[in-house]
Amino acid sequence: MRIIRDTKFVDPADRGAVAAIGNFDGVHLGHQAVINLARGIAKTANAPLGIMTFEPHPRSFFAKDITAFRLMNAEAKANRLEKLDVKKLYEVPFNQGLAGLSPRDFAQTIITDQLGLKHVIVGADFCFGKGRSGTVDHLKTFGAEMDFDVTIAPLVTIDTAEISSTAIRQALSDGSPRAAAAMLGHWHRIEGEVIRGDQRGRDLGYPTANMSIAGLHPPKFGVYAVKVDVLTGPHKGTYDGAASVGVRPMFGENLPNCETYLFDFQGDLYGATLSVALVDFLRPELKFDSVDALITQMEADCTQARETLTHVG
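Along each chain, residues carry numbers from 1 onward, in the same order as the chain's sequence is written. In view of the model being predicted, local features appear only for residues whose pLDDT reaches at least 70, and side-chain atom pairs are presented and counted only at 80 or more, with totals across whole chains, interfaces and linings using the full set of residues. Excluded from the side-chain calculations are hydrogens and water; all other atoms, namely the structure's heavy atoms, are used.

### Digging into the environment of R189
Item 1. Along the polypeptide, R189 turns up in strand 9 (residues 188–193).
Item 2. Contact between two residues is taken to exist if any of their heavy atoms lie within 4.5 Å; hydrogens are not considered. Contacts of R189, omitting those with residues within four sequence positions, involve L71, R80, K227, D229, S275, V276 and A277.
Item 3. Separated by 3.4 Å, the side chains of R189 and D229 make a polar contact. Helix and strand assignments follow DSSP, with helices taken as H or I runs no shorter than four residues and strands as E runs no shorter than two, numbered in order from the N terminus. Here a polar contact means two N or O atoms within 3.5 Å. Within protein one must be a hydrogen donor candidate and the other an acceptor candidate, and residues neighboring in sequence count only if both atoms are side-chain atoms.

In structure tokens form, the structure reads like this:
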């Protein structure tokens, strides 16, 4: 998959795609339905399948002090889209200039002049342009004028409930990663580089891979059974494990992070990129009376996580 970030200077080989447009935070089943529709159209048109999204997320651009809400960072989103066989990912820079474009100027400048898209696919609730004033009906009108086709994808529901990133965030806040996975169509994952922590886990007999969750919607703080993909470095592969997400109340005030213990693993993961899939919530984050009590609980957590993961493919 090619990632195109400089949309003002697009290689002619990257023009002419059939592209789904949206933020695609989480790449949930609703998003996948839009992408699948685009895939069918691309195949018929003998054109590459593309995704047009925005970085940073428009919501964070307009409210920089907003509580962290993203389900995925840009890298995790790209990894998920590549698994869906997307060929072109257009990461359109969202800035003041883009935010100020009228719906017509957005269609002319971005879709037509810069990206040269052949066909665009959007959800039924898609809005675009300054003040989100452009509707799917406007997009159809502009497409007819500017020579690109438009297809509107219907909203997707499960048991009559609409699938949305908001509903997935709520499930994660409730400590229900399986409910989130049912809407996502895949496990919710925390992805990022392993950073150096205080190395307390090593002293406790449970060395952990520490990852920041800055900018991401925090799931319910506590301990999870997890599946871990090591994406880079000499230890690439898939492992079972247990992860603690939270602020580590035993050890003072700390920024939220994700600390993962990989079962039956030996090696150095510093600097490697991990993808940690939350499978089951085991217990809430607790402050223990002693380090010995913490170690005893960690042993129980790992035993429970191993048992849980024996039933997960």
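From this point on, the discussion continues.
### Observations concerning the pattern of salt bridges
Item 1. Definition used for salt bridges: Asp or Glu carboxyl oxygen within 4 Å of a side-chain nitrogen of Lys or Arg. Summed over all chains, the structure comprises 14 salt bridges.
Item 2. Across the salt bridge formed by D14 and R2, the nearest N and O atoms sit 2.6 Å from each other. Placement of the pair is D14 in the loop between strand 1 (2–4) and strand 2 (18–21) and R2 in strand 1, with a sequence separation of 12 residues.
Item 3. Take D14: its relative accessible area is 3%, and that puts it in the buried class.
Item 4. When its relative accessible area of 44% is taken as the criterion, R2 is described as partly exposed. Burial here depends on accessible area, computed with a 1.4 Å probe over protein chains only, as a share of the maximum for the residue type. Under 20% is buried, over 50% is exposed, and the range in between is partly exposed.

### Describing helix 3 (residues 74–83)
Item 1. Of the positions making up helix 3, those classed as buried are A74, A76, K77, A78, R80 and L81.
Item 2. In this fold, the buried residues of helix 3 make contact with strand 1, helix 1 (29–45), strand 3 (49–55), strand 4 (88–93) and strand 9.
Item 3. Capping the start of helix 3, N73 holds a side-chain oxygen 3.3 Å from the backbone nitrogen of E75, two or three residues further along.
Item 4. Remark: D85 follows helix 3 within two positions and exhibits a positive phi of approximately 65°.

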